[in-house]
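Below, each chain spelled out in residue letters.
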Amino acid sequence: MQYENPKLVLETSEIKEGSITWKSPSNIAIVKYWGKYSDQLPQNPSLSITLETSFTRTTLHYAPRRTPGQGVSVELYFEGARHEAFEQRVRKYFEKILPIFPFLRQLDLKVETANSFPHSSGIASSASAMSALALCCCTLEDEFFHTLEDDEAFDRKASYVARLGSGSACRSIYPYLALWGETGEVPGSSNLYAIPMAEQAHPVYQTFHDDILIIRSGEKKVSSSAGHGLMHNHPFAEARFQYARKSLHQLLGALRTGDLETFGKIAEAEALMLHALMMSAPSPYLLLAPHTITAMERVQAFRAETGHPVYFSLDAGPNLHVLYPESVIHEVRPFIDDQLAPLCEEGVYLQDWAGEGPEQL
Ligand code: PMV
């Protein structure tokens, strides 16, 4: 796979100004990506549910560059205000992908971006933010050069480019379910980009809800990139990567057949293992909060009492994702309102669900 293309250079006289807007969702991994090598390549395959209501909306404004220079000329506005830290991160990202999109250097760029979820809600925004940016770049390429007219080629390149910004972002490109990482079992799977999985899964998974309990908002103590780094000399690294491959194999079976019990067992085991890996890292750390644990226990107790297929997952933070199919929403929502919402900061949880993927606006 070679996306570097020195030919994607514009005739400067032909550049007009314009803008492109994409809305791109976050995702929640069922089998987690934790540990990477080389340039954002995963140590094990991962599989996620694409969300719907937790998204980033990004507009990329472009105009012919007024003052030529080596790097990328970009300004970034986050929720209406210039944001230096995000601007720096995006400039670094654009400079990294210059060999893929050399025309970016010929433009003055302005990025306007905002999240649908409340600021500092503790929702990882890198998947939605980086996928939205990658989609904008691919659309820009297509507008200028007509090189990505084939939808499949467009999505694959967007996923590849998103991966270079944030690994998990490459999975946000596809509706409902996405798989990232090579596995002999799924033809076309790759470490370089994610592939769509919804068509290979039972339709029940397209009805899944993910209510996200905001147990604690604010910045994480340890970033995901630092966390991935700690897998390098982690005492359980090899065992983890093997185990994740086994879990993915089992999950693929549960996806095909609609076996929710196996799906839920894997989701919960993966969530707990992700945090166990943090707690047993060479410099151990803890991202769970007391209310996270209470909420997990309540989900398990509710399931044991009622038999309803409701399960949890976690990202690299204390906020619990409560997963269940649409068929039990009338039983599960009152339980969440009564027993889980009081564990949330300000009683807030976000209602999300498996969604249709990014949308160009
Ligand atoms: O995409 P990154 O580098 O922020 O890593 C995120 C990894 C997890 O969200 C914890 C798990 C996953 O597979 O999404």
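Residues numbered from 1 in each chain as written. Predicted model: local features only at pLDDT ≥ 70, side-chain atom pairs only at ≥ 80, totals over all residues. Heavy atoms only, no water.

On a plain count of helices and strands, the chain comes out with 8 helices and 14 strands. Computed over its C-alpha atoms, the radius of gyration of the chain comes to 20 Å, within 12% of the 21 Å expected for a compact globule of 361 residues. Looking at the chain residue by residue over its 361 residues, the buried ones come to 55%. In the chain, of all internal contacts separated by at least 6 residues, the share reaching a separation of at least 24 is 75%. Summed over all atoms, the accessible surface of the chain reaches about 15,600 Å², with 50% contributed by carbon and sulfur. Both charge centroids of the chain, one from 30 positive and one from 44 negative side chains, sit 7 Å from each other. (Helix = DSSP H or I, 4+ residues; strand = E, 2+ residues; numbered from the N terminus. Rg over C-alpha atoms; globule rule 2.2 N^0.38 Å. Buried < 20%, exposed > 50% of the residue type's maximum accessible area, 1.4 Å probe, protein only. Contact = heavy atoms within 4.5 Å. Areas by Shrake-Rupley, 256 points an atom, 1.4 Å probe, with all protein chains shown as cover. Lys, Arg positive; Asp, Glu negative; His and termini not counted. Charge placed at Lys NZ, Arg CZ, Asp CG, Glu CD.)

To continue, consider the site of the ligand. In the vicinity of the ligand lie 14 residues, with Tyr 33, Ser 166, Ser 168, Arg 171 and Asp 315 positioned nearest. Separating an oxygen atom of the ligand from a backbone N or O atom of Gly 167 is a distance of 3.4 Å. Between the ligand and Ser 168, the relevant distance is 2.6 Å, taken from an oxygen atom to a side-chain nitrogen or oxygen of the residue. In the complex, 93% of the free accessible area of the ligand, which totals 380 Å², lies under the protein chains. Of the residues assigned to the shell around the ligand, the class counts are 5 nonpolar, 6 polar and 3 charged. Residue assignment places the shell around the ligand across two domains, with domain 1 (12-199) and domain 2 (203-359) each supplying three or more. (Near = heavy atom within 4 Å. Polar contact = N/O pair within 3.5 Å; in protein donor to acceptor, adjacent residues only side chain to side chain. Nonpolar A, V, L, I, M, F, W, Y, C, P; charged D, E, K, R; others polar. Domains from an automatic or database assignment.)

Our focus in this paragraph is helix H6 (residues 260-279). If you check H6, its first and last C-alpha atoms are 29 Å apart, about what 20 residues at 1.5 Å a residue would give, namely 28 Å. Residues Leu 260, Phe 263, Gly 264, Ile 266, Ala 267, Glu 268, Glu 270, Ala 271, Leu 274, His 275, Leu 277 and Met 278 constitute the buried set of H6. For H6, the N-terminal capping position is held by Asp 259, with its side-chain oxygen 3.2 Å away from the main-chain nitrogen of Glu 261. (Expected span 1.5 Å × (residues − 1).)

Summarising the element assignment, Asn 191 is placed in the loop between strand E8 (177-180) and strand E9 (194-196). The exposure class of Asn 191 is buried, given its relative accessible area of 13%. Within the structure, the side chain of Asn 191 is placed 2.9 Å from the backbone nitrogen of Glu 182, a separation counted as a polar contact.

The next thing to look at is the packing of helix H5 (residues 237-257) against H6. Each packed pair of helices is defined by two parameters, the angle between the axes and the distance between the axes. At a minimum axis separation of 9 Å, H5 and H6 run at an interaxial angle of 160°. Between H5 and H6, the angle falls in the class roughly antiparallel. Crossing of H5 against H6: the hand is left-handed. Contacts from Arg 240, Tyr 243, Ala 244, Ser 247, Gln 250, Leu 251, Ala 254 and Leu 255 in H5 reach Thr 262, Phe 263, Ile 266, Glu 270, Met 273 and Leu 277 in H6. (Axes fitted to C-alpha atoms, helices over the stretch in contact; angles between N-to-C directions. Parallel < 35°, antiparallel > 145°, perpendicular 65-115°, else oblique. Left-handed = near helix turned anticlockwise from the far one by under 90°.)

Moving on: the pairing of strand E4 (residues 46-64). Summarising burial for E4: 14 of the 19 residues are buried, a large majority. Where strand E1 (residues 18-31) meets E4, 12 bridges bridge the pair, whose relative direction is antiparallel. The residue of E4 that forms the bridge with Thr 21 is Thr 59. Direction of pairing for E4 relative to E8: antiparallel, over a ladder of 4 bridges. Looking at E8, one finds that Ser 48 is bridged to Ala 178. In the sheet, E4 pairs with strand E7 (residues 107-115) via 9 bridges, with the strands oriented antiparallel. (Pairing = 2+ DSSP bridges.)

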